[in-house]
Number of protein chains: 2
Amino acid sequence: MSSSPRLSSPAPAKSERYHHGDLRRALLDAARALAAAGGVEALTLREVARQAGVSPAAPYHHFSDKNDLLRAVATEAFELLTRAMAVAAESTDDPVQRLKAIGAAYLAFAFAHPAEFRFMFRHELCLPPGVPDPLEQAGTASYGVLLTAVEAAQKSTQVRSGSPDTELSTLGLTLWSAVHGLSSILLESPMSKTSTPEIGQHLARSVIGNVLRGVLTEEQRD
Amino acid sequence: MSSSPRLSSPAPAKSERYHHGDLRRALLDAARALAAAGGVEALTLREVARQAGVSPAAPYHHFSDKNDLLRAVATEAFELLTRAMAVAAESTDDPVQRLKAIGAAYLAFAFAHPAEFRFMFRHELCLPPGVPDPLEQAGTASYGVLLTAVEAAQKSTQVRSGSPDTELSTLGLTLWSAVHGLSSILLESPMSKTSTPEIGQHLARSVIGNVLRGVLTEEQRD
DNA sequence: TTTAGTTTCTAAACGCTGTTAAGTTACGTT
DNA sequence: AACGTAACTTAACAGCGTTTAGAAACTAAA
């Protein structure tokens, strides 16, 4: 008994304990919830602390900065995106369909997490060059899923001839640009309120189809 | 003489006059300069007023809000973009080359005005739906330049057959997505410091070429 | 079990921001 | 010349990010 006194006294509610337990996790979750509810401009460090039930200075023991907190949220969002793209990639064995599935997953992520998507790519979040940057790594990992699928598609289908620029990097960049651009436009445009995720998915299929037709010889229908 | 007393007394320096003359213009210019120098986060309403040599409350006689000032800056940026795209469209008579020129102009604008480009598309700048929004109109005008060129290209070249989705809107959206996505990625990516405008132009040509190949029957080389 | 050391938090303050209210100055008109 | 209006200033408010100093709780060794 005396060796485990904690069992005798019931654990107080997290909000009443002086030491939070996992404040870092709570701060990240609160930040995510605030961004989802009111956009990035509603994401205040003081409000995050308030939601977690701690003082305004408490977050500074877990994040060096407000930017540091935002960077961590963005990094986790990229990890989620990477997983979603990887799951989509495993949904089919056909390389072209796989590319379409990855693009659809990308757009679905943007619609599911609009607030995070809007600041995941902001360059001011990145650390200065030279310093290892988890956000940059997480973004590169997402891009890597696409690049792998592009490479597979290139091997299995003939790359359109007569085009000197259809290297891996250019093909991947073309696809990433098209899908990222579409996601941004649908998300930021005023018409985004009227456009449902279903419309977005349909447009994504069309846009990806258009691009793939330009890049691969084999034509594949929706 | 008495009818034009201003000529007798030399006009005092703008900074010394109580009435600024054209404070609205000065605020817009100062805002643009601040954004160009230090990004959007450096664009403070108080600093804008400081640069214009007026008190922090003065801007409120010309803009209802900080957002209102930002919206005006973004609107003017869209007007500049529209002009640049229109000029590029007139640079050639070939419809496909015209599309490439417009895309290159878009990317060149993004590189020339990165700070403005980064917030021109933020949806929180837009007015609530229903209210006539100059920013939305200016953006639609830019898009219109592209749509007109796409329409011309569709008439002059055969649209690739067997694709049910190659309507005007989808084609335009595909091109806009690809070019906008590429601009965003090049601008926001950490590698953007190393990528020169020339590299960007080259990538733009490749990406647009890839997309056009998917959309139009006639193949045209760079 | 006490003690020392370290981590995690609070309280209070700083300068900055966007914004508003009330008062002042200059302009345009009659 | 006087008045009404528009453009500005001064002063203040709450809220923000951040820092400093100190209190509280956990950890581990004596």
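Residues numbered from 1 in each chain as written. Chains lettered and ligands numbered in written order. Predicted model: local features only at pLDDT ≥ 70, side-chain atom pairs only at ≥ 80, totals over all residues. Heavy atoms only, no water.

### With respect to helix α3 (residues 45-52) of chain B
All names here are of chain B.
- Residues Leu45, Val48, Ala49 and Ala52 constitute the buried set of α3. Viewed end-on, α3 has its buried residues packed into an arc of 95°, placing them on one side of the element. Along α3, exposed side chains directed more than 90 degrees from the buried face belong to Arg46, Arg50 and Gln51.
- Buried-residue contacts for α3 involve α2 (23-38) and α4 (66-89).
- Phi turns positive, to about 75°, at Gly53, one or two residues after α3. (Buried < 20%, exposed > 50% of the residue type's maximum accessible area, 1.4 Å probe, protein only. Helix = DSSP H or I, 4+ residues; strand = E, 2+ residues; numbered from the N terminus. Arc of directions from axis to C-beta. Contact = heavy atoms within 4.5 Å.)

### Topic: the packing of α2(B) against α3(B)
Residue and element names in this part refer to chain B.
- Where α2 contacts α3, the axes come no closer than 9 Å and their chain directions differ by 120°. Viewed along their axes, α2 and α3 adopt a mutual orientation that is oblique. Our pair here, α2 against α3, has a crossing hand that is right-handed. In contact with Leu23, Ala26, Leu27, Ala30, Ala31 and Leu34 of α2, α3 contributes Glu47, Val48, Ala49, Gln51 and Ala52. (Axes fitted to C-alpha atoms, helices over the stretch in contact; angles between N-to-C directions. Parallel < 35°, antiparallel > 145°, perpendicular 65-115°, else oblique. Left-handed = near helix turned anticlockwise from the far one by under 90°.)

### Description of the packing of helix α4 (residues 66-89) of chain A against helix α5 (residues 95-112) of chain A
Residues and elements named next belong to chain A.
- Viewed as axis vectors pointing N to C, α4 and α5 meet at an angle of 150°, and their least axial separation amounts to 8 Å. In this view, α4 runs roughly antiparallel relative to α5, as classed from their interaxial angle. Considering only the axes of α4 and α5, their crossing is right-handed. Residue-level contacts link Ala77, Leu80, Leu81, Ala84, Met85, Ala88 and Ala89 of α4 to Arg98, Ala101, Ile102, Ala105, Tyr106 and Phe109 of α5.
- When the residues that make up the contact of α4 with α5 are grouped by side-chain class, the tally is twelve nonpolar, no polar and one charged. (Nonpolar A, V, L, I, M, F, W, Y, C, P; charged D, E, K, R; others polar.)

### Description of the environment of A:Phe119
Residue and element names in this part refer to chain A.
- Structurally, Phe119 can be placed in helix α6 (residues 114-120).
- Since its relative accessible area comes to 1%, Phe119 is described here as buried.
- Considering only alpha carbons, one finds Phe119 and Val40, 79 residues apart in sequence, at a separation of 7.6 Å.
- Contact partners of Phe119, with chain neighbours within four places excluded, come to Val40, Leu70, Val73, Ala74 and Leu125.

### Comments concerning the interface of chain A and chain B
- Counting residues at the interface gives 37 residues for chain A and 37 residues for chain B.
- Of the roughly 3200 Å² buried between chain A and chain B, counting both surfaces, carbon and sulfur atoms make up 60%.
- Connecting chain A to chain B are six residue pairs in polar contact (both at pLDDT 80 or more).
- Those elements that place two or more of their residues in the side of chain A that touches chain B are α8 (168-188) and α9 (197-215) of chain A.
- Per-element tally for the side of chain A that touches chain B: the top contributor is α8(A), with 13 residues.
- When grouped by side-chain class, the residues that make up the side of chain A that touches chain B number 13 nonpolar, 13 polar and eleven charged. (Buried area = accessible area lost by both parts, 1.4 Å probe. Polar contact = N/O pair within 3.5 Å; in protein donor to acceptor, adjacent residues only side chain to side chain.)

### Brief notes about the relation of the copies chain A and chain B
- For the pair chain A and chain B, the superposition axis carries a translation of 0.0 Å, the fit reaches an RMSD of 0.0 Å, and the rotation angle comes to 180°. On this basis, the relationship between the two copies can be described by a two-fold rotation axis.
- Both copies contact each other with a shared surface, as 100% of the interface residues of chain A are interface residues in chain B too. (Least-squares fit on C-alpha atoms with pLDDT ≥ 70 in both.)

### What to know about the pattern of salt bridges
- According to the stated counting rule, one finds 14 salt bridges over all chains in the structure shown.
- B:Arg98 is the salt-bridge partner of B:Asp93, the closest N and O atoms lying 3.9 Å from each other.
- Within this structure, A:Arg25, A:Asp29, A:Arg32 and A:Glu76 form a network of salt bridges that share partners. (Salt bridge = Lys/Arg side-chain N within 4 Å of Asp/Glu carboxyl O.)

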